[in-house]
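An overview of the molecular structure
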Amino acid sequence: MLSGFLRGLGSYFLFLGAVLRRPESWREYVKSFVRETELLGMSSIPLVVFISLFMGAVLTIQTAINLDDPFIPDMYIGIAVREGIILEFAPTIVSLILAGKVGSNISSSLGTMRVTEQMDALQIMGINPASYLVLPKIGACLLFFPILVVFSIFMGLLGGYLAGDWLHLVNPDSFLLGYFDEFRPYYILYSLTKTTVFAFIISSISAWYGFNVRGGAVEVGKASTQAVVAMSFSIILFNYILTDVMLQ
Amino acid sequence: MIEVRGIKKTFGDQAVLKGIDMQLAPGQCNLIIGSSGSGKTVLLKSIVGLITPDEGQVLLDGRDWTAMKEQDRKELRQEMGMVFQASALFTSLSVEENVRFPLDFFSQLSAAEKKERVAFCLDRVRIPESALKKNPAELSGGMQKRVAIARAIVLNPKYLFCDEPNSGLDPETSIVIDQLIQEITREFGMTTVVNTHDMNSVLEIGDHVVLLRHGYKVWEGTGPDILKSDDQEVVDYVFRSALFKRVRSAMNK
């Protein structure tokens, strides 16, 4: 089992080496990057907005219920919701969801290209399939995931505020004050750093699984599932490591 | 001219190619035939460099392709076109974009010149203009093969490789594809290598036919020769079919 893991890890780093080779045509790579940004990033905005609004709302409800004490001002509920969203919910939960949506898209589309010989067609033309197909995807994820997480933070905070107000769980003015009280910009940096690392994990691991598919449609499905599992493990693991390094 | 010298390939403990030598002349359709598992796909993939052979050489007009560095190979690849069994058209691109794809990467042509070249190639394979903006999935199997041929010839290659181009096509469409491959080969003077198990293709376009069996080359000749051959390997491969038994007996009468 360990030797299998190490072989896989070695293969993953060799794959990254192939991905990072010099492109045959920068112009075509940029065109592909724009296409991937639209496909992987822009199309995820509605999902992220929807999830974040409700995530913020639920967080406010849970925190308000647990801190329902006349001696605790509603401002502290606002602070707790803000820190929860910025530090954990927006970067980690949204990344886990994107691992499912974007990661499985990447692995299944590359897997399909592999089994239908489209990658061989690229290779015959003298184009490095690893680089041409994967580098723009990694670039698109690295650029757009932090943007999605910023969206998620705003939507989560909005959802939290609206839920607190509509359900009369908090005093809206006091709650809102909590959003701005003792705000630490470093937490945004921490959140975006985590997101960037997760973006690389999602795009590269899913691409590696898709790129190495052998067989047919069943194997493409299997690779996609395995990729989501591997990405989720890696995200949770790196979430711990980065938190330990950046917040201790 | 493509020269194959002593190509051997083993996967695990299974020897798939056991030392193949052959010469494939330009301006001809060179067909590699053989039953499933005979090694013809591995041989074709070894020739085009998708598989690295364990031993042997592939010479493309005297240039040792097997010994080349990746960068030199990349340049030489622009002299190659390939039609895959499942067409391998890029599903995220339209028909026109698929054919233009190699030009976008490797030519210095202006947009107008590219458009003209794409139109010429698609017209040459008889794809109507109405199909240009369509996605490959919207086309029939035969049309997809023709678009794949157009993409393969768009850079005006010296070598054209076709892996089972008639796979999944009806007999009528297969003949159209065969004739198209032959016309293009003659017209552009390419060295064409076709991997097939379709005996009709052998008779239709087989200028030079190589029969593989269990990783060995067991016979070579022309398409018409194969019907007259008494070679046991040819008899075993070709004349198991009732149709070809009848053809042979009709010829002998």
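Regarding the overall build of chain A
Within chain A, the regular secondary structure consists of 9 helices and 0 strands. Reading chain A from its N terminus to its C terminus gives the helix and strand order α-α-α-α-α-α-α-α-α. If one aligns the C-alpha atoms of chain A with their principal axes, the spans along those axes are about 70 × 40 × 30 Å. Across the 248 residues of chain A, 49% fall into the buried class. A total accessible area of about 11,900 Å² is found for chain A, and carbon and sulfur atoms account for 71% of it. Counting 14 positive and 17 negative side-chain charges, chain A places the averaged centre of each group 18 Å from the other.

Brief notes about the layout of surface pockets
Within this model, the largest pocket holds a volume of roughly 1,100 Å³. Among the secondary structure elements, those contributing two or more residues to the lining of the largest pocket are helix 1 (2–19), helix 4 (74–115), helix 5 (118–125) and helix 6 (129–166) of chain A together with helix 2 (70–77) and helix 3 (95–106) of chain B. Sort the elements by how many residues they give to the lining of the largest pocket and helix 2 of chain B lands first, with 6 residues. Among the residues forming the lining of the largest pocket, the class breakdown is 14 nonpolar, 9 polar and 13 charged. Its boundaries defined by the atoms lining it, the second largest pocket holds a volume of some 610 Å³. Around the second largest pocket, the lining is made up of 20 residues, and of these Phe5(A), Leu9(A), Ile205(A), Ala230(A) and Ser234(A) lie nearest the centre. At the level of secondary structure, the elements contributing two or more residues to the lining of the second largest pocket comprise helix 1, helix 8 (185–211) and helix 9 (217–247) of chain A. Among the residues making up the lining of the second largest pocket, the classes are represented as 16 nonpolar, 4 polar and no charged.

Description of the sheet that holds strand 2 (residues 14–24) of chain B
Residue and element names in this part refer to chain B. Strand order in the open sheet formed by 4 strands is 2-1-4-5, with antiparallel pairing between adjacent strands. Pairing within the sheet leaves two strands with one partner each, and these edge strands are strand 2 and strand 5 (63–64). With 8 bridges joining them, strand 1 (residues 2–11) and strand 2 adopt antiparallel strand pairing. Bridging from a neighbouring strand, Phe-11 pairs with Gln-14 of strand 2. Sheet strands touched by helix 1 (residues 40–48): strand 1, strand 2 and strand 4 (55–60). Its angle to strand 2, the strand with the most contacts, is close to 60 degrees.

As for the pairing of strand 3 (residues 29–33) of chain B
All names here are of chain B. Taken across its 5 residues, strand 3 has 5 buried, putting it largely inside the fold. Alternating residues of strand 3 divide into Cys-29, Leu-31 and Ile-33 and Asn-30 and Ile-32, and every residue in both groups is buried. The pairing of strand 3 with strand 8 (residues 191–195) spans 4 bridges and is parallel. Counterpart to Asn-30 in the pairing with strand 8 is Val-193.

A look at the packing of aromatic side chains
Inspection of every chain in the model, using the stated rule, returns 12 aromatic pairs over all chains. Plain terms: the ring middles of Phe50(A) and Phe54(A) are 5.0 Å apart, the flat faces sit at 45 degrees to each other, and that makes the pair tilted. Of this pair, Phe50(A) and Phe54(A) both sit in helix 3 (residues 45–66), separated by 4 residues, roughly a single helical turn. As far as the burial class goes, Phe50(A) and Phe54(A) line up, both exposed. Taken together, a centroid distance of 5.0 Å and an interplanar angle of 75 degrees make the contact between Trp208(A) and Tyr209(A) edge-to-face. Given a relative accessible area of 15%, Trp208(A) falls into the buried group. Following the ring pairs from residue to residue traces out a cluster consisting of Tyr29(A), Tyr132(A), Phe90(B), Phe101(B), Phe105(B) and Phe106(B). Over the ring of Trp65(B) we find Arg73(B), and its NZ or CZ is 4.6 Å from the ring centre.

A look at the domain arrangement of chain B
By domain assignment, chain B separates into domain 1 (69–195) and domain 2 (223–253). Relative to domain 2 of chain B, the C-alpha centre of domain 1 of chain B lies at a distance of 33 Å.

Quick word on the sheet that holds strand 9 (residues 208–213) of chain B
Residues and elements named next belong to chain B. Here we have 6 strands laid out as an open sheet, ordered 6-7-8-3-9-10, and mixed in their pairing. Whereas interior strands pair on both sides, the edge strands pair on one side only; in this sheet they are strand 6 (80–83) and strand 10 (216–221). Mean inter-strand twist for the sheet, computed between neighbouring axes without regard to direction, equals 20 degrees. In terms of strand pairing, strand 6 meets strand 7 (residues 159–163) through 4 bridges, oriented parallel.

So, a nonpolar patch on the surface
There is a patch of nonpolar side chains on the surface, built from Leu2(A), Phe5(A), Leu6(A), Leu9(A) and Phe13(A) and spanning about 540 Å² of accessible area. Position of Leu6(A) among the secondary structure elements: in helix 1.

Details of the pattern of salt bridges
Per the counting criterion, the structure on display carries 22 salt bridges over all chains. Between Asp104(B) and Lys31(A) there is a salt bridge whose closest N-O contact spans 3.9 Å. Of the two residues, Asp104(B) sits in helix 3 while Lys31(A) sits in helix 2 (residues 26–41), which places them in two different chains. Using a relative accessible area of 8% as the deciding quantity, one classes Asp104(B) as buried. Residues joined by salt bridges that share partners form a network here, namely Arg27(A), Glu28(A), Lys31(A), Arg100(B), Asp104(B) and Lys114(B).

Thresholds, definitions, all that
Residues numbered from 1 in each chain as written. Chains lettered and ligands numbered in written order. Predicted model: local features only at pLDDT ≥ 70, side-chain atom pairs only at ≥ 80, totals over all residues. Heavy atoms only, no water. Helix = DSSP H or I, 4+ residues; strand = E, 2+ residues; numbered from the N terminus. Buried < 20%, exposed > 50% of the residue type's maximum accessible area, 1.4 Å probe, protein only. Areas by Shrake-Rupley, 256 points an atom, 1.4 Å probe, with all protein chains shown as cover. Lys, Arg positive; Asp, Glu negative; His and termini not counted. Charge placed at Lys NZ, Arg CZ, Asp CG, Glu CD. 1 Å grid on protein atoms, 1.4 Å probe; cavity = no way out; pocket = protein on both sides within 12 Å on 5 of 7 lines; lining within 4 Å. Points joined across faces, edges and corners; volume = space filled by probe spheres on them. Nonpolar A, V, L, I, M, F, W, Y, C, P; charged D, E, K, R; others polar. Pairing = 2+ DSSP bridges. Contact = heavy atoms within 4.5 Å. Axes fitted to C-alpha atoms, helices over the stretch in contact; angles between N-to-C directions. Phe/Tyr/Trp six-rings, centres within 6.5 Å; stacked < 30°, edge-to-face > 60°. Lys NZ or Arg CZ within 6 Å of the ring centre and 35° of its normal. Domains from an automatic or database assignment. Patch = residues over 30% accessible without salt bridge, like charges linked within 9 Å, V, L, I, M, F, W, Y side chains within 5 Å. Salt bridge = Lys/Arg side-chain N within 4 Å of Asp/Glu carboxyl O.

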